[in-house]
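# Secondary and tertiary structure notes
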Amino acid sequence: MTVPAQRARRRPSVPGRMLPLLLVTALLAPVAFLFVQASRLTDDDRDLATRERLGVQYLRALGPVTEALIDAQSAAVNGQPLSRDSLTTAVEGAASVDARVGDELRSHERWAGLRAKLEALPDRSLTDPEAAYLAYGEVTDLLLALHRKVRESSGLIRDPRSDSFFLQDGIAGDLPEAMVAAGRLADLATLAARRPAAERVRSLTELAAVRVAALGPATDLVADLRAAVDSSESTDLGPSVLTPLDTYQRAVETLAALSAPADRTGATSAEPGQLGAARRNAQAAAKQLQSVILDELDTLLGERIDGLDRDRWQAVAATATAVVLLVLLAAVLIAAFRRARRRATEEVRAEEGPQILPEPDRWQPPLQRRTPQHTAEARSLQPAAATRGGETEPWGPFDAR
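Residues numbered from 1 in each chain as written. Predicted model: local features only at pLDDT ≥ 70, side-chain atom pairs only at ≥ 80, totals over all residues. Heavy atoms only, no water.

### A short note on the overall build of the protein
- Broken down by element type, the protein carries nine helices and two strands.
- Secondary structure elements of the protein, listed N to C terminal, follow the sequence α-α-α-α-α-α-α-α-α-β-β.
- Across the protein, contacts joining residues at least 24 apart in sequence account for 79% of those joining residues at least 6 apart.
- Roughly 24,800 Å² of accessible area belongs to the protein as shown, and the carbon and sulfur atoms make up 56% of that amount. (Helix = DSSP H or I, 4+ residues; strand = E, 2+ residues; numbered from the N terminus. Contact = heavy atoms within 4.5 Å. Areas by Shrake-Rupley, 256 points an atom, 1.4 Å probe, with all protein chains shown as cover.)

Rendered as structure tokens:
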């Protein structure tokens, strides 16, 4: 009878057991890659927002410089006493900001050129208003160039959000140009009224060009701010911006109307005092609007930085959680692998049966060498047997009776 042998259980190979652990370890690579990518994007966005806030600080410092320079130009053109106190204070404030953030914004060279021109302006009104108008025009051109430089180097021009992009476009591009053009329009209207009739065509051409230069940025500013309000999720942006914007728009329209020529001579119907008052009203409205826009823009950038910080910590927490879970899973797999290995060893031992260990050798007395005397004694002790034919026969089974 043949007893079938028991079929041994097939144990998984070592690579098969290690495959889940290798897969778990391999998951750490994409998790680390995603964390590095998310961290890099978050850091880039945060660095851009931080530089933009530096640009806002610089633009805030350039606001008083623009206002004081326009006032000084108007005083020089109209032959009024010129006070450099406000301009000097504004220049010192802008210089301190440039010393603090100029390296980051790469604005030292532009500011140095502008400051040199500002300090070269005469302390007293020039005897020739036309020369004063040209001299201050060169300085204001450098001031507008510095605005553009700060806008580009700070990254405001590349802002990724629609609301903050329209705000920066208005505060760094449209509003400074509109303020400078409004001051030039009022001063040029005053100069045109004093020019001889031979320069009538020149006056009309210059007035038309400066009026377009003043109304164009003002119109763009209105469009930018309305677009910012429409695209913003903030409920405070609209009420805080639209009211001073309406005031500024009315002031600019009034200045444009007063500076329009009344006849072919190029002279305006308004008195120089009316033009000056209209310019000051437009400048005051622009100053109020400028402060509001800078505050709102800085608030949006600050909220963006806070959100990016939260995103960074969330990414760190998610990555740490994933790593902990993978480590726990690896530990569970290692423990399961060890238990399976121990169980397989026990099954193999059970199938092979108990092992019989050899008994230890029993003690035996040492063998003694037999001598001839011992051999004779052994023979004498053997029982007697029947003899046949002189030979001794061994005992048979029935010999003993």
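### Here we look at empty space enclosed by the protein
- According to the stated counting rule, one finds one cavity of 30 Å³ or more in the structure shown.
- Space inside the largest cavity adds up to approximately 70 Å³.
- Residue lining of the largest cavity: Ile70, Ala178, Met179, Ala182, Gly183, Tyr248, Val252, Arg279, Ala282, Gln283 and Ala286, and that is the complete set.
- Here the residues of the lining of the largest cavity are counted per class, giving eight nonpolar, two polar and one charged. (1 Å grid on protein atoms, 1.4 Å probe; cavity = no way out; pocket = protein on both sides within 12 Å on 5 of 7 lines; lining within 4 Å. Points joined across faces, edges and corners; volume = space filled by probe spheres on them. Nonpolar A, V, L, I, M, F, W, Y, C, P; charged D, E, K, R; others polar.)

### Things to note about the pattern of salt bridges
- As enumerated under the stated definition, the model contains 16 salt bridges in all.
- When the shortest N-O distance is used, the salt bridge between Lys287 and Glu67 registers 3.7 Å. Taken together, the positions of Lys287 in helix α8 (residues 272-352) and Glu67 in helix α1 (residues 14-77) put the pair 220 residues apart, joining distant regions of the chain.
- When its relative accessible area of 22% is taken as the criterion, Glu67 is described as partly exposed.
- Here Arg202 and Glu206 are joined by a salt bridge, their closest N and O atoms 3.1 Å apart. Taken as a pair, Arg202 and Glu206 lie in helix α6 (residues 200-231) at a separation of four residues, close to a single helical turn.
- Classification of Arg202 by relative accessible area gives partly exposed; the value is 37%.
- Through salt bridges that share partners, Glu130, Arg195, Glu199, Arg202 and Glu206 make up one connected network. (Salt bridge = Lys/Arg side-chain N within 4 Å of Asp/Glu carboxyl O. Buried < 20%, exposed > 50% of the residue type's maximum accessible area, 1.4 Å probe, protein only.)

### Concerning the environment of Ala90
- When you line up the elements, Ala90 lands in helix α2 (residues 85-105).
- With a relative accessible area of 9%, Ala90 lands in the buried category.
- In this structure the C-alpha to C-alpha distance between Ala90 and Leu69, which are 21 residues apart in sequence, comes to 9.4 Å.
- Those residues within four positions of Ala90 in sequence are excluded, and the remaining contacts are Pro64 and Val65.

### Considering the layout of surface pockets
- In this structure, the largest pocket occupies an estimated 300 Å³ of space.
- Among the secondary structure elements, those contributing two or more residues to the lining of the largest pocket are α5 (162-194) and α8.
- Split by residue class, the lining of the largest pocket holds two nonpolar, six polar and six charged.
- Of the voids in this model, the second largest pocket is the one considered here, and its volume is about 160 Å³.
- Taken together, 14 residues line the second largest pocket, and the ones lying closest to its centre are Ser74, Asn78, Gln80, Gly276 and Arg280.
- At the level of elements, α1, α5 and α8 are the ones that each hand at least two residues to the lining of the second largest pocket.
- At six residues, α8 tops the list of elements feeding residues into the lining of the second largest pocket.
- Among the residues making up the lining of the second largest pocket, the classes are represented as four nonpolar, six polar and four charged.

### Notes on α5
- The terminal C-alpha atoms of α5 lie 47 Å apart, and with 33 residues this matches the ideal 48 Å at 1.5 Å per residue to within 8%.
- For α5, the principal kink sits at Asp174 and spans about 35 degrees; a proline, Pro176, occurs within the next four residues.
- For α5, the tally of buried residues reaches 26 of 33 residues, placing the bulk of the element in the interior. (Expected span 1.5 Å × (residues − 1). Bend = angle between axes of the 7 residues up to and from the residue.)

### With respect to the nonpolar core
- With 63 residues, the main nonpolar core has Tyr58, Trp111, Leu118, Leu167, Ile171, Leu225 and Tyr248 as its most contacted residues.
- If you list the elements that add at least two residues to this core, you get α1, α2, α3 (108-120), α4 (129-153), α5, α6, α7 (237-258) and α8.
- Looking at which element gives the most residues to this core, the answer is α1, with 13 residues.
- The contacts of Trp111, once residues within four sequence positions are left out, are Tyr58, Val91, Ala94, Ala95, Asp98 and Leu146.
- One finds Ala182, Leu185, Ala192 and Val210 within the second-largest nonpolar core, a separate group that totals 16 residues. (Core = buried A, V, L, I, M, F, W, Y, C linked by side-chain atoms within 4.5 Å.)

### Examining the side chain of Arg84
- With respect to the helices and strands, the residue Arg84 is situated in the loop between α1 and α2.
- Owing to a relative accessible area of 16%, Arg84 belongs among the buried residues under this scheme.
- Of note is the side chain of Arg84, whose polar atom sits 3.0 Å from the backbone oxygen of Leu121. (Polar contact = N/O pair within 3.5 Å; in protein donor to acceptor, adjacent residues only side chain to side chain.)

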